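# Inside the fold
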Amino acid sequence: MADRLDFQLLALGLRRTAWIRFWIQTALGVVVVGVLMFNNIGGSLSRNADRAVGLSPGLSLTTLSFFVLLFSLWQGWLIVRLGRALDSGARPSRGEASRLLKRGIFSDLLGLVFASVGYQSLAGALFVQASSQTPGIAIGGSGAAENLAITSLEMLSVLSNTQVLFAHLIGLLFSLWMLQRIYRTR
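Because the structure is predicted, anything quoted here is derived from the model rather than measured.

### Quick word on the environment of threonine 62
- Looking at where threonine 62 falls in the secondary structure, it is placed in helix 2 (residues 56-87).
- Separated by 53 residues in the primary sequence, threonine 62 and alanine 115 have C-alpha atoms spaced 5.5 Å apart.
- Not counting the four nearest positions on each side in its chain, threonine 62 is found in contact with Leu36, Leu122, Ser160, Asn161 and Val164.

See the structure below:
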């Protein structure tokens, strides 16, 4: 049976780790939503918005992964509350704590799957676009209409996907560490 000091150290470690996880994921989520909004607004104002149709599946999966990130943020907040509860008199059981952490791990894994498939879709669409460019024609020259150069807005969509992918990876690593920490304490 663990003594009071072990529970205090576990509670402190869980709270700190959960706060770090929560704020890193929140910051990355704010970047993702900002980039997705900018991409949506900028894409509709762009002259060549119709040629970026190949990016739509990747952006949809990135958006779906972002919604899973919101659920993961909620799980992170619940982990902070779990750390507080471990330090109080009404301690949750190890099973309750592990179920909460496993739900967070599952949501981060699901978000990683959506973001990875979205990344492959975005990278494939940009590869097709890059391979159809006419070599040797400068952008803005006489053949610029056929050149279909990759724009910064399209690269920004890849950046949003990378940010949500990294946010889920951070959440997964922190949750796995916390789960290991719960089972290590005896």
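From this point, things continue past the structure.
### Some words on the pattern of salt bridges
- Tallied over the full model, the rule gives one salt bridge.
- Of the charged contacts in the structure, one is a salt bridge between arginine 21 and aspartate 108, with a shortest N-O distance of 3.0 Å. Highlighted residues: arginine 21 in helix 1 (residues 4-45) and aspartate 108 in helix 3 (residues 94-131), separated in sequence by 87 residues. Like arginine 21, the residue aspartate 108 is buried in the burial classification.

### Details of the packing of helix 3 against helix 5 (residues 152-184)
- The interhelical angle for the contact between helix 3 and helix 5, taken along N-to-C directions, is 155 degrees, at an axis separation of 8 Å. Relative to helix 5, the element helix 3 lies roughly antiparallel. Once helix 3 is placed against helix 5, the crossing between them reads as left-handed.
- Grouping the amino acids of the contact of helix 3 with helix 5 by side-chain chemistry returns 20 nonpolar, twelve polar and four charged.

### Some remarks on the packing of aromatic side chains
- One pass over the full model with this rule turns up seven aromatic pairs.
- Between phenylalanine 22 and tryptophan 77, the aromatic rings sit 6.4 Å apart at their centres with planes inclined by 55 degrees, giving tilted as the arrangement. Of this pair, phenylalanine 22 sits in helix 1 while tryptophan 77 is found in helix 2, placing the two residues 55 residues apart along the sequence.
- Phenylalanine 22 gets classed as buried once you look at its relative accessible area, which sits at 15%.
- Take tryptophan 77: its relative accessible area is 30%, and that puts it in the partly exposed class.
- These aromatic residues form a ring-pair network of at least three members: Trp19, Phe22, Trp23 and Trp77.

### Quick word on a nonpolar patch on the surface
- Taken together, the side chains of Val33, Met37 and Ile41 present a nonpolar region at the surface, about 270 Å² in accessible area.
- Inspection of the secondary structure puts isoleucine 41 in helix 1.

### Notes on the confidence of the model for the chain
- When pLDDT is averaged across the chain, the result is 82; 82% of the residues are at 70 or more.
- When pLDDT is averaged over each helix and strand of the chain, the minimum, 54, is found for helix 4 (residues 144-147) and the maximum, 90, for helix 3.

Calculation criteria
- Residues numbered from 1 in each chain as written.
- Predicted model: local features only at pLDDT ≥ 70, side-chain atom pairs only at ≥ 80, totals over all residues.
- Heavy atoms only, no water.
- Helix = DSSP H or I, 4+ residues; strand = E, 2+ residues; numbered from the N terminus.
- Contact = heavy atoms within 4.5 Å.
- Salt bridge = Lys/Arg side-chain N within 4 Å of Asp/Glu carboxyl O.
- Buried < 20%, exposed > 50% of the residue type's maximum accessible area, 1.4 Å probe, protein only.
- Axes fitted to C-alpha atoms, helices over the stretch in contact; angles between N-to-C directions.
- Parallel < 35°, antiparallel > 145°, perpendicular 65-115°, else oblique.
- Left-handed = near helix turned anticlockwise from the far one by under 90°.
- Nonpolar A, V, L, I, M, F, W, Y, C, P; charged D, E, K, R; others polar.
- Phe/Tyr/Trp six-rings, centres within 6.5 Å; stacked < 30°, edge-to-face > 60°.
- Patch = residues over 30% accessible without salt bridge, like charges linked within 9 Å, V, L, I, M, F, W, Y side chains within 5 Å.
- Areas by Shrake-Rupley, 256 points an atom, 1.4 Å probe, with all protein chains shown as cover.
- pLDDT = per-residue confidence, 0-100.

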